[in-house]
Amino acid sequence: MENKMGTMPMPKLMITMSLPIMISMLVQALYNIVDSMFVARLSQDALAAVSLCYPVQAIMIAIACGTGVGFNTLLSRCLGERNTDKANQVVLHGLMIALVNWLLFVVLGFLLARPFLMLFSGQENVIDMGVVYLQICTTLSFGIFIQITYERILQASGQPVYNMIMQGIGAIVNIVLDPIFIFGYFGIPTMGVAGAALATVLGQIIAMLLGIWIVQKKTRSIQIHIRSFSLDFSILKQIYKIGFPAILMQSIMSFMTVFMNQILVSFSLLAVNVFSIYYKLQQFVFMAVLGMTNALVPILAYNYGARSYTRIQQAIRVSLGLSIVIMAVGTLIFQMFPSQLLLLFDANVSMMEMGIPALRIISFSFVFAGISMVLGSVFQALGHPNTSLWITLLRQLVVLVPLTYVFASIFGLNICWLSFVITEILCAFLSLVALRYVDQKTIQPLKTFEV
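First, a word on scope: everything that follows refers to the structure included in this document. (Residues numbered from 1 in each chain as written. Predicted model: local features only at pLDDT ≥ 70, side-chain atom pairs only at ≥ 80, totals over all residues. Heavy atoms only, no water.)

### Focus on the overall build of the protein
At step 1: Helix and strand counts for the protein stand at 17 helices and 0 strands.
At step 2: Here the C-alpha atoms of the protein give a radius of gyration of 22 Å, agreeing with the 22 Å that 2.2 N^0.38 yields for 451 residues.
At step 3: Each principal axis of the C-alpha distribution contributes one length, and for the protein these read about 65 × 55 × 35 Å.
At step 4: Looking at the protein residue by residue over its 451 residues, the buried ones come to 55%.
At step 5: For the protein, restricting intrachain contacts to residue pairs at least 6 apart in sequence, the fraction spanning at least 24 positions comes to 80%.
At step 6: On the protein, the mean spot of the 23 positive side-chain charges and the mean spot of the 15 negative ones are 13 Å from each other. (Helix = DSSP H or I, 4+ residues; strand = E, 2+ residues; numbered from the N terminus. Rg over C-alpha atoms; globule rule 2.2 N^0.38 Å. Buried < 20%, exposed > 50% of the residue type's maximum accessible area, 1.4 Å probe, protein only. Contact = heavy atoms within 4.5 Å. Lys, Arg positive; Asp, Glu negative; His and termini not counted. Charge placed at Lys NZ, Arg CZ, Asp CG, Glu CD.)

Now the structure itself:
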């Protein structure tokens, strides 16, 4: 049976592959918000403790997803080449990496949780709650690492709709268990932040178990037999050649947020809050493009393995067109309804005065950001991960942060938001220049393989 990534019309393929991933990301974002809402009902200290732990959780996800990019790309390429033996070995190596990552965070959680939290707070109550929360999340993190590995197996085999089911059920479990474990309903003892952590990891473990079952029952192109595993360092090297830059890219945004907050706090805490609100709001626009780029990577990798020049060109054109449309709609929403967006966070008059121009100015960068995001995934899938890494570094740190600092220092807060627009225009231009190089070096030679 032909894999649809090699046969289905490209616009239809992009939409059918992307939509489930977009919905999965929306669900993920929603249950993170709900999680914080329940913890906030305990106390502000509890919310602070959980918030301080978030960077570690974000790094775990960055490592899992970044490794998944390398794993997914190599697996898709093997399937495109119809090399099933190597594809099965790639899957087994991906699962081994997931288990190693889990064990690493178990050790780090027990050794470094308290020293890490003491860097940000001197309140023993906050630190104690944070240590409990973080150690539960790290000790049982095998759920998230293996879950994401199975999500990438399903993506590579052209069945991303099951990712939506996995994440959706995991999120529902988390949302349902949160109040029960935190506040102690139905005879369950009150566990506070420990209950929040337990609800989170149980949701991840349920999603993992569901993923294992789906792959075993629904994915005929992959056969997972542990006894056939044979350690191959060349497979690990190929996974991390693409995966390591992706891990860095996934982590960069966390560092950008820290640096931006340091710049903005010199004006006021309100400025930091405005940036935080913008960041949460833009995720609901960007996740649509992110969902598409997650689908684009296996599509390109499969067709690169199949030496299909025409379908690679089609995938790039279709994904760029879709990203421009999505980001343009996001820009219109931010331009027309900034006050309504801010009211979702109970914005007062002062926040409205600062937030409305911020949202409107920054949203002019969306279309250009979409171009860079799509082309970054193109570079990853076609074996140029370092190019993607450099574009991301420029977008999130190298250009954006210094430019924001200079604009804020010289022109003030309202003008500093222009740094986002200038940065994204520059990086979109550089991405298009890089695409010409990748096209000549990697894509054009495939013409010789087509009849």
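From this point, the discussion proceeds with the structure in view.
### Topic: the packing of aromatic side chains
At step 1: Tallied over the entire structure, the rule returns 7 aromatic pairs.
At step 2: When the ring of F334 is compared with that of F366, the centres are 5.1 Å apart and the planes differ by 80°; the resulting orientation is edge-to-face. Of the two residues, F334 is situated in helix α10 (residues 309-336) and F366 in helix α13 (residues 366-381); the sequence distance between them amounts to 32 residues.
At step 3: When its relative accessible area of 2% is taken as the criterion, F334 is described as buried. (Phe/Tyr/Trp six-rings, centres within 6.5 Å; stacked < 30°, edge-to-face > 60°.)

### Remarks on the packing of helix α6 (residues 161-183) against helix α7 (residues 193-218)
At step 1: Orientation of α6 relative to α7, taken along the N-to-C sense of each, is 155°, at an axis distance of 8 Å. The angle between α6 and α7 places the two elements in the roughly antiparallel class. Both α6 and α7 take part in a crossing whose hand is right-handed.
At step 2: Here the residues of the contact of α6 with α7 are counted per class, giving 16 nonpolar, 6 polar and 2 charged. (Axes fitted to C-alpha atoms, helices over the stretch in contact; angles between N-to-C directions. Parallel < 35°, antiparallel > 145°, perpendicular 65-115°, else oblique. Left-handed = near helix turned anticlockwise from the far one by under 90°. Nonpolar A, V, L, I, M, F, W, Y, C, P; charged D, E, K, R; others polar.)

### Overview of the environment of P385
At step 1: As for its position among the elements, P385 is in helix α14 (residues 385-398).
At step 2: The exposure class of P385 is buried, given its relative accessible area of 5%.
At step 3: Separated by 144 residues in the primary sequence, P385 and K241 place their C-alpha atoms 7.5 Å from one another.
At step 4: The contacts of P385, once residues within four sequence positions are left out, are K241, I242, P245, F379 and Q380.

### Looking at the environment of A428
At step 1: By the element assignment, A428 lies in helix α17 (residues 418-443).
At step 2: A C-alpha to C-alpha distance of 34 Å links A428 and A171, two positions 257 residues apart in sequence.
At step 3: Setting aside residues no more than four positions away along its own chain, A428 makes contact with F368, I371 and S372.

### Let's talk about the side chain of S323
At step 1: Tracing the sequence through the fold places S323 in helix α10.
At step 2: With sequence-adjacent residues up to four places away left out, S323 is seen in contact with V289, M292, G370, I371 and V374.

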